[in-house]
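Analysis of the macromolecular model
Each chain, written out:
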Amino acid sequence: MAAMQKLQRCAVSPTGKHSASVIFLHGSGDTGRGIRAWVRDVMVPDLAFDHIRVIYPTAPARPYTPMQGMLSTVWFDRRKISRDCPEHLESIDAMCSTLGSIIQDEVNAGVPKHRMIIGGFSMGGAMALHLACRYHPDVAGVFALSGFLNTDSVAFQAAEERARAGNSLPELFQCHGTSDELVLHQWGEDTAALLRKAGMAATFHSFPGLHHQLSQPEMELLRTWILAKLPPTTTL
């Protein structure tokens, strides 16, 4: 069922010719419109580009175990917000399939996967890492803001197996606040270290005093990285 769902989404269209795409996934309980509004409030100017379409999908509401099974807009289920419990792979894999349709829509619009970046905030960052490491390793990059992977995540194994086989992996961009009390800074730092050990090129930026939130300095760094990975195409 989940693989057949068409996700709601909002997007910021490029002001010029569309030649690249960014898929930005929200955190648990949020929506595409919610994270898009937050980004716009934090960034001056907005996260908008001449040539890049920025897409903000919304996760479907599903029972969420950390909220005693209440419905929430989350990308996947988990037992608790902890790095030391098994991943709920059934819900993760179903959502990877669902989000894959958005990637395919961009391919159909003429944007190859090497001109795409997938990323997100908090749970959205973890979802993006599963997509990039396991299902779409041919994207240009992946970012995780205030996010983490479980210690025994299958994404680490997938990245390691791909690197061992001599296949390329997308570059990782990660940011995390040192005062984050929901997703500890150490969890994010360890995620970057384990992916680096698996063979992924990864950069990790710490933001002193930042809680579980977006910040303008972080978003400016992200914008710079996006433009470095997805530069404008030149017409001969």
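Please read all numbers here as calculations on a predicted model, not as lab measurements.

Here we come to the pattern of salt bridges. Per the stated rule, a full pass over the model turns up 10 salt bridges. With a shortest N-O distance of 3.4 Å, arginine 53 and glutamate 106 are connected by a salt bridge. Taken together, the positions of arginine 53 in strand β3 (residues 52-57) and glutamate 106 in helix α2 (residues 89-108) put the pair 53 residues apart, joining distant regions of the chain. Between aspartate 138 and lysine 113 there is a salt bridge, with the nearest N and O atoms lying 3.3 Å from each other. In this pair, aspartate 138 is assigned in the loop between α3 (123-135) and β7 (141-145) and lysine 113 in the loop between α2 and β6 (116-121), connecting sequence segments 25 residues apart. For lysine 113, a relative accessible area of 22% corresponds to the partly exposed category. One continuous salt-bridge network, built from bridges that share partners, spans Lys6, Arg9 and Asp105.

Counting 39 residues, the largest nonpolar core has Leu25, Trp75, Leu99, Met127 and Leu195 as the members making the most contacts within it. Sorting the residues of this core by element identifies β2 (20-25), α2, β6, α3, β7, α4 (154-164) and α5 (185-198) as the ones contributing at least two each. The element that contributes the greatest number of residues to this core is α3, accounting for eight residues. Those residues within four positions of methionine 127 in sequence are excluded, and the remaining contacts are Leu25, Trp75, Phe76, Ile92, Met95, Cys96 and Leu99.

So, on to the sheet that holds strand β1 (residues 9-12). What the seven strands build is an open sheet, ordered β1-β3-β2-β6-β7-β8-β9; its pairing is mixed. Each having just a single partner strand, β1 and β9 (202-207) make up the two edges of the open sheet. Each strand of the sheet is rotated relative to its neighbour by a mean of 15°, with strand direction disregarded. Here four bridges tie β2 to β3, and the two strands are oriented parallel to one another. In the sheet register, valine 22 faces β3, and the bridge partner there is valine 54. In the packing of α5 onto the sheet, the strands contacted are β8 (171-177) and β9, and the crossing angle to β9 comes to about 165°. Together, β2, β3, β6, β7, β8 and β9 form the strand contacts of helix α6 (residues 216-229), whose direction differs from that of β7 by roughly 175°.

Between α4 and α5, whose axes approach to 8 Å, the crossing angle comes to 25°. Our classification of the angle between α4 and α5 gives roughly parallel. Where α4 approaches α5, its residues Phe156, Ala159, Glu160 and Ala163 are matched on the opposing element by Thr191, Leu194, Leu195 and Ala198. A breakdown of the residues in the contact of α4 with α5 according to their chemical character gives six nonpolar, one polar and one charged.

The rules we used
- Residues numbered from 1 in each chain as written.
- Predicted model: local features only at pLDDT ≥ 70, side-chain atom pairs only at ≥ 80, totals over all residues.
- Heavy atoms only, no water.
- Salt bridge = Lys/Arg side-chain N within 4 Å of Asp/Glu carboxyl O.
- Helix = DSSP H or I, 4+ residues; strand = E, 2+ residues; numbered from the N terminus.
- Buried < 20%, exposed > 50% of the residue type's maximum accessible area, 1.4 Å probe, protein only.
- Core = buried A, V, L, I, M, F, W, Y, C linked by side-chain atoms within 4.5 Å.
- Contact = heavy atoms within 4.5 Å.
- Pairing = 2+ DSSP bridges.
- Axes fitted to C-alpha atoms, helices over the stretch in contact; angles between N-to-C directions.
- Parallel < 35°, antiparallel > 145°, perpendicular 65-115°, else oblique.
- Nonpolar A, V, L, I, M, F, W, Y, C, P; charged D, E, K, R; others polar.

Keep in mind these numbers describe shape, not what the thing actually does.
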